[in-house]
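Architecture at a glance
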Number of protein chains: 2
Amino acid sequence: MPTQTKENYLKAMYFLERKGSKIALTDLSKLLDVSTPTANSMVKKLQEDEWVIYQKYKPLQLTEKGRKAAALIVRKHRLTEMFLTKIMGFGWEEVHDIAEEMEHINSDALFDRMDELLGNPTVDPHGSPIPDKSGVLVSRNYEHLSDMSEGQRVRLCSMTDSSTELLVFLNSKNIKLGTEMDILKIESFDQSMIVSYNHHPSMMLSHEVCKRLLVEVVN
Amino acid sequence: MPTQTKENYLKAMYFLERKGSKIALTDLSKLLDVSTPTANSMVKKLQEDEWVIYQKYKPLQLTEKGRKAAALIVRKHRLTEMFLTKIMGFGWEEVHDIAEEMEHINSDALFDRMDELLGNPTVDPHGSPIPDKSGVLVSRNYEHLSDMSEGQRVRLCSMTDSSTELLVFLNSKNIKLGTEMDILKIESFDQSMIVSYNHHPSMMLSHEVCKRLLVEVVN
DNA sequence: AATATTTGTTAGATTAGTCTAACTTTTTAT
DNA sequence: ATAAAAAGTTAGACTAATCTAACAAATATT
Ligand SMILES: [Mn+2]
Ligand SMILES: [Mn+2]
Ligand SMILES: [Mn+2]
Ligand SMILES: [Mn+2]
């Protein structure tokens with residue numbers, strides 16, 4: 001197993017791969033908050049144990065081995081987040097930083113037990129999918145709330161950004177995963193939406209928020 | 001806060017202090033499985049932030065600050081062990097290695113929540129005391145089973161060594177914390193004891209085992 | 001096509017944590 | 001009191017992870 005630092009590099013590369021096709025060194029260095037030379041020398045080292053494929057000036061690539069290792073770290077992260085919320089009673093906005101540390105704990109038994117106590121969950125508290133034990137991640141294709149139309153009824157399933165700020169905002173509006181909302185009106189001027197859900201008959205959500213919420217249409 | 005490595009040094013010094021008065025560099029290096037020069041250079045660095053007092057050729061000393069930091073790491077370790085056994089269903093022989101990693105997690109909320117879910121326990125699964133939130137450790141004065149006499153009834157409360165091997169051995173004999181035993185006979189030749197407890201009317205325990213078991217006399 | 005900008009690389013330095021070899025001080029045994 | 005043994009220290013080297021400064025290659029803009 002690589003060091004904690006190297007695990008964070010693999011995980012970062014995995015995220016970049018899963019959203020923007022090519023992995024650019026600059027993106028990696030920004031995501032990890034290190035200088036480009038630092039990231040550059042690290043990917044060269046990661047190549048030595050065949051976690052990544054490195055060729056000068058070419059986009060970075062994860063090997064199968066590197067991708068699997070990364071997925072298993074993500075698995076540990078998301079199982080931990082689920083455990084902290086469902087079993088230990090933390091709020092969804094409190095668990096990320098703890099999981100960021102726990103994901104590096106070397107103990108299959110611990111995470112297997114979490115998985116079991118949680119009943120083999122497939123998504124984390126923010127709706128992100130949990131890779132299975134062999135590192136396979138199946139992600140569903142949700143729609144952005146901002147792309148929906150007036151009159152539709154949708155269910156919140158995930159978000160593109162699970163920052164504490166967004167989660168705290170959603171808490172304040174009583175919006176949770178699974179909350180179903182009716183889109184009453186879309187303001188053409190600023191794309192803000194008026195939605196109705198639970199005991200909130202008329203809530204305004206800005207375009208900035210709607211862009212980040214991933215939903216599925218309820219029939 | 002110090003690094004994970006430095007935390008392990010502080011904890012090791014804390015253990016040495018709590019049992020053998022003076023902290024010798026050689027003992028520290030053996031406990032941490034590093035060379036003496038490594039330990040030597042580390043204690044010099046620890047002095048810089050006033051975790052320890054270092055004077056050439058003198059026994060090492062923890063500062064108040066260092067002692068408290070160490071106690072709080074031990075607290076996290078033992079709360080974790082308790083959590084893993086009581087809440088997650090692990091055996092007392094499985095938890096130490098996981099706790100060795102979790103003790104470095106930086107989250108008051110996590111350990112406060114464990115403490116709460118456990119009902120503020122005062123001892124870990126091996127009977128070792130848990131320092132309180134301010135780093136105060138109150139340790140009870142138990143007797144070694146090997147020092148008891150024929151005819152006495154004792155309760156297992158702790159052990160001097162909670163190695164996996166001993167714990168697995170005790171499992172195999174159905175001996176747990178709290179198990180009460182009657183000392184039927186002490187073999188003068190090898191100091192082994194014949195004890196009776198639960199459904200085991202006559203169990204032989206070697207001196208090697210008895211030396212490690214800490215008990216209190218039951219009236 | 002030439003130039004400017006962005007992206008990536010190299011070189012050289014720094015800090016944390018570790019080692020071995022050689023040496024010194026302290027402690028113990030004779 | 002001396003010599004031997006144990007404990008502790010110094011010096012010098014190494015790896016992991018990071019940085020800044022300088023430079024090169026690739027890409028985008030005019
Ligand atoms: Mn997270
Ligand atoms: Mn991490
Ligand atoms: Mn332990
Ligand atoms: Mn540890």
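We now turn to the structure provided with this report. (Residues numbered from 1 in each chain as written. Chains lettered and ligands numbered in written order. Predicted model: local features only at pLDDT ≥ 70, side-chain atom pairs only at ≥ 80, totals over all residues. Heavy atoms only, no water.)

With that out of the way, let us pick up the protein's contact with DNA strand D. Not every one of the 22 residues close to DNA strand D is listed here, only the nearest: Thr3(A), Thr38(A), Thr26(B), Asn40(B) and Lys44(B). Sugar plus phosphate, as a fraction of atoms of DNA strand D within 4 Å of the protein: 77%. Lys44(B) has a polar side-chain atom sitting 2.4 Å from a phosphate oxygen of DNA strand D. Tyr57(B) is positioned with one of its backbone polar atoms (N or O) 2.7 Å from a phosphate oxygen of DNA strand D. It is helix H3 (residues 36–48) of chain A that contributes the most residues to the surface near DNA strand D, five residues altogether. A class-by-class count of the residues in the surface near DNA strand D yields ten nonpolar, eight polar and four charged. (Near = heavy atom within 4 Å. Polar contact = N/O pair within 3.5 Å; in protein donor to acceptor, adjacent residues only side chain to side chain. Helix = DSSP H or I, 4+ residues; strand = E, 2+ residues; numbered from the N terminus. Nonpolar A, V, L, I, M, F, W, Y, C, P; charged D, E, K, R; others polar.)

Once that is clear, we can look at the protein's contact with DNA strand C. With respect to spatial proximity, 22 residues lie near DNA strand C, and among them Thr26(A), Asn40(A), Lys44(A), Thr3(B) and Thr38(B) are the closest. Looking at DNA strand C alone, sugar and phosphate atoms form 75% of those within 4 Å of the protein. For DNA strand C, a phosphate oxygen lies 2.2 Å from a polar atom in the side chain of Thr26(A). One nitrogen or oxygen atom from the side chain of Thr3(B) is found 2.4 Å from a phosphate oxygen belonging to DNA strand C. Elements with a contribution of two residues or more to the surface near DNA strand C: helix H2 (25–32) and H3 of chain A together with helix H1 (4–20) and helix H3 (36–48) of chain B. The element best represented in the surface near DNA strand C is H3(B), accounting for five residues. Split by residue class, the surface near DNA strand C holds ten nonpolar, eight polar and four charged.

For the manganese ion (ligand 3), the full set of protein donor atoms is His77(B) (NE2), Glu81(B) (OE) and His96(B) (ND1), at a range of 2.1 to 2.2 Å. For His96(B), a relative accessible area of 37% puts it in the partly exposed group. (Donors = N, O, S within 2.8 Å, 3.2 Å for Na, K, Ca; no water. Buried < 20%, exposed > 50% of the residue type's maximum accessible area, 1.4 Å probe, protein only.)

A few words now on helix H6 (residues 108–117) of chain B. Listing the buried residues of H6(B) in full gives Leu110(B), Phe111(B), Met114(B) and Asp115(B). Buried residues of H6(B) fall within an arc of 135° about the axis and therefore sit on the same side. Exposed residues lying more than 90 degrees from the buried face of H6(B) are Asp108(B) and Glu116(B). Contacts from the buried residues of H6(B) go to helix H4 (64–86) and helix H5 (96–102) of chain A together with helix H4 (64–86) and helix H5 (96–102) of chain B. Positive phi appears at Gly119(B), one or two residues downstream of H6(B), with a value of about 75°. (Arc of directions from axis to C-beta. Contact = heavy atoms within 4.5 Å.)

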